[in-house]
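Single-letter residue listing:
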Amino acid sequence: MVEQIKEDMNLVVVKNLKKYFPIKGGFLKKTIGHVKAVEDISFTIRRGETLGIVGESGCGKSTTGRTILNLLNKTDGEVYYKGKEIFNLPKEELSRLRTEMQIIFQDPYSSLNPRLTVSQIVGEALVQHRLAKKGKDVNNKVSDIIERCGLAPYHIRRYPHEFSGGQRQRIGIARALALKPEFIVCDEPVSALDVSIQSQVINLLMDLQEEMELTYLFISHDLSVVKHISDRIGVMYLGSLVELSPKEELYNSPLHPYTKALLSAIPVPDPTLKKDRIILKGDIPSPSNPPSGCRFHTRCPYVMKKCKVEMPEFREVDTDHFIACHLI
Amino acid sequence: MISENKQNKMAMETTVISPAKLMWNRLKRNKLAMIGFIIIIIMSLAAIFAPYLTPYERDAVDLLNSNAKPNTEHLLGTDALGRDMLTRLLYGARISLTVGFVATGLRVVIGIILGGIAGYYGGKIDGLIMRIADVFACLPFLPIAITFVAIMGPSIYNMMFVLAILGWPGLARIVRAEILSLREREFMEAATALGISDFRKIVAHLLPNTMASVIVSATIGIAGAILTESALSFLGLGVAPPTPSWGNMLTDAQNQYVLKNRWWQWMPPGFAIFVTVMSLNLLGDGLRDALDPRLKQ
């Protein structure tokens, strides 16, 4: 019974997910190493919440999002959606799953096919999954959706090049919503937009979440954006989750040294205020040759002997507050 | 929000511009390309309506009037058998243009299918197809074409076949390269996330985006095919007489006396080839500029 309730609450469960990309080299294109983009991460996403994922570029945020949607094959680990493992599904089941989980991309320019009209871009999947008949039926449904996303019905006959960046992102959102999904991965949906448009798109995403009872995995490197939209936030460093906790707790009492450094880097709009920034030394190590033990030990100001040898466990230190560090 | 709505209303008044129309608008501004385009159209119309443009039969021999200079009855004179040169030039256009267009069409079809498969599936299939393409690209054109025609006999169908079979690797490479880069674009990932079928992904998303380079390459390819047809026919390996083609009409110029004293028997077909190939190349260049998205007005 308890299991049942837990399962109902969690829409997505990720267990020890790993994703390595092979590096090919040499004359015969042999695999000579791996880029460990995602290394052993576990978390859950609850129904109706927004889980934010932050981290530097190249830390595996997007790879995580794409692997959860089965757009990339996993290397190891499990991903459960509504209690069902999503890899190795039969074709029909996978096709049904596609209607339930969607993705919104970062770049509104390369994510829309320049040769298709808005009606074709948004309505294509409806036809593919036999949710609408070609012709008037699709056009009506597409008009409805793009109107919800802040565009006008007559836009359906236009091509992407006739729209601005913000409008294009709205088309991308409409495309993701067309199949009435429950879970959406937002892969930096506002990073490519103007600040003034950013807030419009974020408010749109939040309104839609309320209206359609959506669950978001919101990936971003912008801490203030993530703070605004998320319920819980996970911090990633070099392929691993280092801290995961509810939003307030993370911003008010961060525990992991990396999170502390990251939060201290948020600019404050007050030139007179002097802030104690934690400046990390060195660069982020290469994910193809990650450091031993704790991956953060090369840059951590509190590094201990243990950190260089032993990988800290990602564990719950407080209710709902997960952290991977030997300090606590 | 409010300002965006206003913009929308303003935009409503203008019509929808499809990518094809955008290209046409840009092409229209290129004078040389438009001249080429118009000449091609005139040539094609003349070839199609050849029987209505001349009172003479294509192969009607009139020995009493052989080697006549251009006059009011025979605007371009007659050849050694007294056949009207203008008539043969018009019918020759039919053969030359048909060979050019059909051979290139065939080449494009083979190139798109094989290049598309190689680019989309990649891996071993890609390796296999591209190695076959390498082999075909290595074959020396003239010896193979001559051998083939010698075995199969000279006819325009054999000629089209040879041109297509030996010409597809270039196009397959272009299509493959385009698809390789398009495959990594985010809209393809979006299509996967939406559960779009492989077939639709190739036909609706990938191929239309490769059309720009295919059209350019095909236009210039038609010019090449017409030239090759002429060369082979000139050597007596292409279109067999009495069927006229621009190439085998030039064969007369092999004779020193004809070359010196009967210009009307070889100048017109030579000029026709020159103008057609030139027009196609100008049109191809114009299309390349019009289709380049970086040259946005």
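Before reading further, recall that the structure is shown in the block above.
Now for a quick tour of the structure. (Residues numbered from 1 in each chain as written. Chains lettered and ligands numbered in written order. Predicted model: local features only at pLDDT ≥ 70, side-chain atom pairs only at ≥ 80, totals over all residues. Heavy atoms only, no water.)

All names here are of chain B. Where helix α3 (residues 31-48) contacts helix α5 (residues 85-121), the axes come no closer than 8 Å and their chain directions differ by 120 degrees. Between α3 and α5 the crossing geometry is left-handed. Together, I40, M43, S44, A46, A47 and I48 of α3 and L90, A93, R94, L97 and F101 of α5 make up the contact between the two elements. For the contact of α3 with α5, a count of residues per class yields 9 nonpolar, 1 polar and 1 charged. (Axes fitted to C-alpha atoms, helices over the stretch in contact; angles between N-to-C directions. Helix = DSSP H or I, 4+ residues; strand = E, 2+ residues; numbered from the N terminus. Left-handed = near helix turned anticlockwise from the far one by under 90°. Contact = heavy atoms within 4.5 Å. Nonpolar A, V, L, I, M, F, W, Y, C, P; charged D, E, K, R; others polar.)

Another aspect to go through is a nonpolar patch on the surface. Residue and element names in this part refer to chain B. A cluster of nonpolar residues, I41, L45, I48, F49, Y52 and L53, forms a patch on the protein surface that exposes about 640 Å² of accessible area. The set of elements that each furnish at least two residues to the nonpolar patch consists of α3 and α4 (50-53). It is α3 that contributes the most residues to the nonpolar patch, 3 residues altogether. Secondary-structure assignment places Y52 in helix α4. Residue class for Y52 comes out exposed when judged on its relative accessible area of 70%. (Patch = residues over 30% accessible without salt bridge, like charges linked within 9 Å, V, L, I, M, F, W, Y side chains within 5 Å. Areas by Shrake-Rupley, 256 points an atom, 1.4 Å probe, with all protein chains shown as cover. Salt bridge = Lys/Arg side-chain N within 4 Å of Asp/Glu carboxyl O. Buried < 20%, exposed > 50% of the residue type's maximum accessible area, 1.4 Å probe, protein only.)

Helix length check: helix α6 (residues 165-177) of chain A (13 residues) gives 18 Å between terminal C-alpha atoms against 18 Å at 1.5 Å per residue, within 8%. The element α6 of chain A is largely enclosed, with a buried count of 13 among its 13 residues. (Expected span 1.5 Å × (residues − 1).)

Residue and element names in this part refer to chain A. Strand β3 (residues 50-54) sits mainly inside the fold: 5 of its 5 residues count as buried. Of the two faces of β3, the one lined by T50, G52 and V54 and the one lined by L51 and I53 are each fully buried. Both β3 and strand β8 (residues 215-219) contribute to a ladder of 4 bridges, which runs parallel. Counted as the bridge partner of T50 is Y216 from β8. Two elements, β3 and strand β9 (residues 232-237), share 4 bridges in a ladder whose sense is parallel. Residue pairing for β9: V54 is matched across the bridge by V235. (Pairing = 2+ DSSP bridges.)

Let us now look at the sheet that holds strand β4 (residues 76-81) of chain A. Residues and elements named next belong to chain A. Read from one edge to the other, the open sheet built from 4 strands follows the order β2-β1-β4-β5, with strand pairing classed as antiparallel. Every other strand in the sheet has two partners, leaving β2 (30-46) and β5 (84-85) as the edge strands with one partner each. Relative to β4, strand β1 (residues 10-25) runs antiparallel, the two sharing 5 bridges. In the sheet register, K15 faces β4, and the bridge partner there is E78.

Tallying the contact residues gives 30 residues for chain B and 33 residues for chain A. Summing the contributions of chain B and of chain A, the shared interface buries around 3000 Å²; its carbon and sulfur component is 51%. A per-residue breakdown of the area chain B buries against chain A is headed by V16, E186 and L194 of chain B, which together make up 22% of the total. Linking chain B with chain A are 3 salt bridges. Residue E186 of chain B pairs with R66 of chain A through a salt bridge whose shortest N-O separation is 3.7 Å. Among the elements of the structure, α1 (2-13), α2 (19-28), α9 (186-193) and α10 (198-234) of chain B are those that each provide at least two residues to the side of chain B that touches chain A. (Buried area = accessible area lost by both parts, 1.4 Å probe.)

All names here are of chain A. Summarising burial for β9: 6 of the 6 residues are buried, a large majority. Alternating positions in β9 separate into two faces, R232, G234 and M236 on one and I233, V235 and Y237 on the other, with burial throughout. By the bridge criterion, 6 bridges tie β9 to strand β10 (residues 240-246) in an arrangement that is antiparallel. Note on β10: the bridge partner recorded for Y237 is S240. Between the antiparallel neighbours β9 and β10 lie 2 residues, among them L238 with a positive phi of about 50 degrees.

So, on to the packing of aromatic side chains. One pass over the full model with this rule turns up 12 aromatic pairs over all chains. Both rings, one in F136 of chain B and one in W168 of chain B, keep their centres 5.7 Å apart while their planes meet at 55 degrees; by these two values the pair is tilted. Here the residue F136 of chain B occupies a position in helix α6 (residues 123-138), and W168 of chain B occupies one in helix α8 (residues 156-183), the gap between them amounting to 32 residues. Accessibility expressed as a relative area gives 24% for F136 of chain B, which makes it partly exposed. Summarising the aromatic geometry, the rings of W263 of chain B and W264 of chain B are spaced 6.1 Å apart at their centres and angled 85 degrees between planes, so their arrangement reads as edge-to-face. Put simply, the rings of Y237, Y258 and F296 of chain A touch in pairs and so form one group of aromatic residues. Geometry around Y20 of chain A places K36 of chain A over its ring, the cationic atom sitting 5.6 Å from the centre. (Phe/Tyr/Trp six-rings, centres within 6.5 Å; stacked < 30°, edge-to-face > 60°. Lys NZ or Arg CZ within 6 Å of the ring centre and 35° of its normal.)

Residues and elements named next belong to chain B. Between α9 and α10, whose axes approach to 11 Å, the crossing angle comes to 175 degrees. It follows from the interaxial angle that α9 and α10 lie roughly antiparallel. Of the residues in α10, those touching α9 at F187, M188, A191 and T192 are K201, H205, L206 and N209. Considering only residue class, the contact of α9 with α10 consists of 4 nonpolar, 3 polar and 1 charged. (Parallel < 35°, antiparallel > 145°, perpendicular 65-115°, else oblique.)

To continue, consider unusual backbone geometry. Residue and element names in this part refer to chain A. A positive phi angle, close to 60 degrees, is found at N70, a residue other than glycine. With respect to the helices, strands and loops of the structure, N70 is situated in the loop between α2 (61-68) and β4. Overall, N70 belongs to the buried group, its relative accessible area being 15%. Phi at E188 takes a positive value of approximately 50 degrees, unusual for a residue other than glycine. Take E188: it is sitting in the loop between β7 (183-187) and α7 (195-212). On the basis of relative accessible area, E188 is assigned to the buried category, the value being 7%.

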